[in-house]
Amino acid sequence: MKRLFTLVVLLTLLSLACSLTGTPTPTAEIPPPATATQPPVPTEAAAPTAATRPALPPPVPTSSERPCLPAEKTAAIPDPNGPSFHQVFIATSSDGLTWQTNNQVVIDQASVPEAVRLPDGRWLIYAVNGSTLGGPGLVYAESQDEGQTWTCGIVNVTGADPDVVLLPDGRIRIYYIEFPFGPHPPQPGTTTEPNRVRSAVSSDGKSFTIEEGTRLEGVQYTDPDVILVGSEWFMYVSTGEKAWAARSSDGLNFTLIGLVNETGAVSGSYLFPDGTLRHYYCGRKGIQSATSSGGGDVWLTEPGVRIARDPSWKIVCDPSVVSDGHGGYWMAYKIQPASTTIPSPAIPSREPPKPSPQGTPPRSSSPAQPSVAPPTSAASTPVACPNGYLTFAVNVHDIRYVSQSADTLLRLVGIFEKYKVRGDFYLTAPLVELYSRQRPDVIARLRDSRMTISYHIRPPHPAYPGFDARLRTFDDKTLEQTLRDYETYRMDLTTGNLDRSQPGGYAYVAQVFGRKPVVVSPMSGDRRIRATLLKIYAEMGAQMLVAYHEEGTSITNPFVYENGLLQRPSDFSVTRVNGNFWWNLIFTPGGEQYNPTKMLKERLAQWSAPRPPFITALIHEDNFYRSGTPWRSFFYDANGNPL
């Protein structure tokens, strides 16, 4: 198997450069820091402080799948200004102007906090997750004892920049940002694709149901801040240092009013009992405040600084103010220490950089995704690679020669393990079913390995290009239900129809391997079908998608999310030469120039961007033993038309 030998050469080269491993298994949590007295936060010309202030007990972390204070930090992205380096604090005040804190961290590796006190006395703080622990979604911290102890976890909302309101019926509504999809993100400041403010509701504050539609959308909108003033809802969104107001009669359909502040944004607004509408925001000196006479009116800056940037902080921002239920107020906010150590890298943050109102480099404030490692794997600590990051993608789809396909996978797993790298195996549900019946050994080998299990589709799946004409005629509701059914029930390969008595699709692959496939490939070129599929995959547990197979990543913004899934980054590949696969050329005259090891060395030598490249090495399992696509005659006629 000459082609297999060539892959070994490629693996050998990369093993010398860098061992690509997964997220470390979390260890015991660190003990809570010692209780400190409550020194006042630095302020400037603040109003006099009342003699009695609400007490703020120190937070104590407790065990959960996403600890409040992770003992071992794993970065969502080694961005020195990203949420992996942010910490959530709480300050208290008796008047909303002078604030105190004990400088205790409530949530480490979290950003853009949003606090709410429920009628039953529970406290919840939502934030974007800068740790890889816990899985996708926003992190929450819950306290049932007025902040003496906190328990953290993950909620099933994968957007960014949370903002929470309590509804009259007792439910919680969370507003969040959903970023536009697109395989080729534009340069910062040039995009014309709008960000969307979406919403979800929950009865318990942990399990949310996404609400239909978009609350508001606009280019570069971030950080929604929603408040009810009288009978009207107002939303403030940010574009850098500028804050904009929008109005709604129902909290769902907002209409933009206009610009309300030009010297600071990323606000948290609160309506005080005396009727004062105060907007806390990220200003140039720290967290500042302003008032307005009505929700849509221009803000009037108040003197002083509510929380000044301490010399030991690089950033202080993202205020969220609520009543403490006892006549005082709590503010959740985030800081970034001036001195940080980069934790181990994993998968990147969700949000593109936002202009900083404090003159610091652009910051990222979005949830991180977990490592592609299955939760049960005993992965070793990741090692930063100085040359590049390589994805070994193996597309698996040969339903015709099942035994040869299985044998090839077993050999590949052995090679990947020998060189201490992970292969990313993209499997179809029908082939997994065939393996289960004919070659259960390959199922067991993959399931028990540290290889990444991913998912893709092939004919006659109705979303596959050329087979999707029927889907294009469906209304949105029928389209979503049909696609969800195909990712839940067994598809008959002969008819393309569903057998609802048997599992199939993404759900079946997850069931067989005991973990949810990490990366998905939606295939369809129809935007509506694609977006619907990605929504379903994200809800079923996928974390990433293939938006482009081999190249298309932005140099300045390599990490882009589409419909809640991270696009697999790839600056270049060692897969094709002038449109031809290297394995079809390497044994021809002069074929040594197509050796992937040689190609990789040359591309790395030519790389001049300010960051290491993301590289894809892609192959199909049947390329090792067959030419062409063995199953193609099952689904296409002699002219290449779908049957």
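Summary of the structure given here. What you see is a predicted model; the values in this text were computed from it and never measured.

Take the sheet that holds strand β8 (residues 151–155) next. An order of β5-β6-β7-β8 is seen for the 4 strands of this open sheet, with the pairing classed as antiparallel. On the outer flanks of this sheet lie β5 (110–117) and β8, each paired with one strand and no other. Neighbouring strand axes in the sheet, compared pairwise and without regard to direction, differ in orientation by 25° on average. Bridging between strand β7 (residues 138–143) and β8 involves 5 bridges; their strand directions are antiparallel.

Along helix α3 (residues 429–438), 7 of the 10 residues are buried, which leaves the element largely enclosed by surrounding structure. Considered for burial, the residues of α3 that qualify are A429, P430, L431, V432, E433, L434 and Y435. In this fold, the buried residues of α3 make contact with α2 (402–418), β27 (423–427), α4 (440–448), β28 (452–456), β29 (489–491) and α7 (505–513).

The residue F513 is located in helix α7 in this model. Judged by its relative accessible area of 2%, F513 is buried. F513 sits 81 residues away from V432 along the chain, and the two C-alpha atoms are 9.5 Å apart. Non-local contacts of F513, meaning those with residues more than four positions away in its chain, are made with L427, V432, I443, L446, R447 and I453.

Here we take up the side chain of S521. Inspection of the secondary structure puts S521 in strand β31 (residues 519–521). Taking relative accessible area as the criterion, S521 reaches 6% and is therefore assigned buried. Filtering out sequence-adjacent residues up to four positions away, S521 remains in contact with Y455, H456, I457 and V546.

This part is about the environment of W313. Looking at where W313 falls in the secondary structure, it is placed in strand β23 (residues 313–323). A relative accessible area of 10% places W313 in the buried class. Spatially, the C-alpha atom of W313 lies 6.5 Å from that of I335, the residues being 22 residues apart in sequence. Residues contacting W313, with those up to four places away along its chain left out, are F89, N103, I307, A308, Y333, I335, Q336, P337 and A338.

What follows deals with the nonpolar core. Ranked by internal contacts, the top residues of the largest apolar core, which has 69 residues, are F425, L427, Y435, L446, F513, V520 and Y537. Dropping the residues within four chain positions of it, V520 is found in contact with Y455, Y506, L534, Y537, A542, M544, L545, V546 and L565. With 35 residues, the next largest nonpolar core counts W150, C152, Y270 and Y333 among its residues.

Spatially, the 4 strands line up as an open sheet ordered β14-β15-β16-β17, and their pairing is antiparallel. Pairing within the sheet leaves two strands with one partner each, and these edge strands are β14 (222–229) and β17 (255–261). When the angles between neighbouring strand axes are averaged without regard to direction, this sheet yields 25°. As paired strands, strand β15 (residues 232–239) and strand β16 (residues 242–248) are joined by 7 bridges and run antiparallel to one another. In the sheet register, Y236 faces β16, and the bridge partner there is A245.

Moving on to the state of the cysteines. Applying the stated criterion to the full structure yields 2 disulfides. C282 shares a disulfide with C317; S-S distance 1.7 Å. Between C282 and C317 the sulfur-sulfur dihedral comes to about 105°; the bridge is accordingly right-handed. Remark: C317 occurs in strand β23 and C282 occurs in strand β19 (residues 277–282); sequence separation between them is 35 residues. On the accessibility criterion, C282 (0% relative accessible area) is buried. Indicated for the protein is the disulfide connectivity 1-2, 3-4, based on numbering the bonded cysteines in sequence order.

Here we take up unusual backbone geometry. Glycine aside, residues mostly have negative phi, and peptide bonds are mostly found in the trans state. A cis geometry characterises the amide bond from P459 onward to P460, with omega recorded as 5°. Following the sequence through the fold, P460 ends up in the loop between β28 and α5 (469–472). The phi torsion at D318 lies on the positive side, around 60°, for a residue other than glycine. Relative to the helices and strands, D318 is located in strand β23. Of note, K420 is a non-glycine position whose phi angle comes to about 60°, a positive value. Look at K420 and you get exposed, because its relative accessible area is 57%.

Right, let's get into the packing of α2 against α4. Following both chains from N to C, one finds α2 and α4 inclined at 25°, their axes separated by 9 Å at the closest point. When the axis of α2 is compared with that of α4, the two are roughly parallel. Here the hand of the crossing between α2 and α4 comes out left-handed. Each of A406, L409, L410, V413, G414 and E417 in α2 lies in contact with α4, whose residues at this interface are D441, V442, R445 and L446. Tallied by class, residues from the contact of α2 with α4 come to 6 nonpolar, 1 polar and 3 charged.

A separate point is the pattern of salt bridges. Throughout the structure, instances matching the rule amount to 29 salt bridges. The salt bridge partner of R278 is E302, with a shortest N-O separation of 2.8 Å. Placement of R278 in strand β19 and of E302 in the loop between β21 (300–301) and β22 (307–308) is noted, with a sequence separation of 24 residues between them. Here R278 and E302 have matching classes, each one buried. Notably, a salt bridge pairs E602 with K598, separated by 2.5 Å at the nearest N-O pair. Separated by 4 residues within a single helix, E602 and K598 lie in helix α9 (residues 596–606), roughly one turn from each other. The exposure class assigned to E602 is partly exposed, which follows from its relative accessible area of 35%.

Rules behind the numbers
Residues numbered from 1 in each chain as written. Predicted model: local features only at pLDDT ≥ 70, side-chain atom pairs only at ≥ 80, totals over all residues. Heavy atoms only, no water. Pairing = 2+ DSSP bridges. Helix = DSSP H or I, 4+ residues; strand = E, 2+ residues; numbered from the N terminus. Axes fitted to C-alpha atoms, helices over the stretch in contact; angles between N-to-C directions. Buried < 20%, exposed > 50% of the residue type's maximum accessible area, 1.4 Å probe, protein only. Contact = heavy atoms within 4.5 Å. Core = buried A, V, L, I, M, F, W, Y, C linked by side-chain atoms within 4.5 Å. Disulfide = S-S within 2.5 Å. Parallel < 35°, antiparallel > 145°, perpendicular 65-115°, else oblique. Left-handed = near helix turned anticlockwise from the far one by under 90°. Nonpolar A, V, L, I, M, F, W, Y, C, P; charged D, E, K, R; others polar. Salt bridge = Lys/Arg side-chain N within 4 Å of Asp/Glu carboxyl O.

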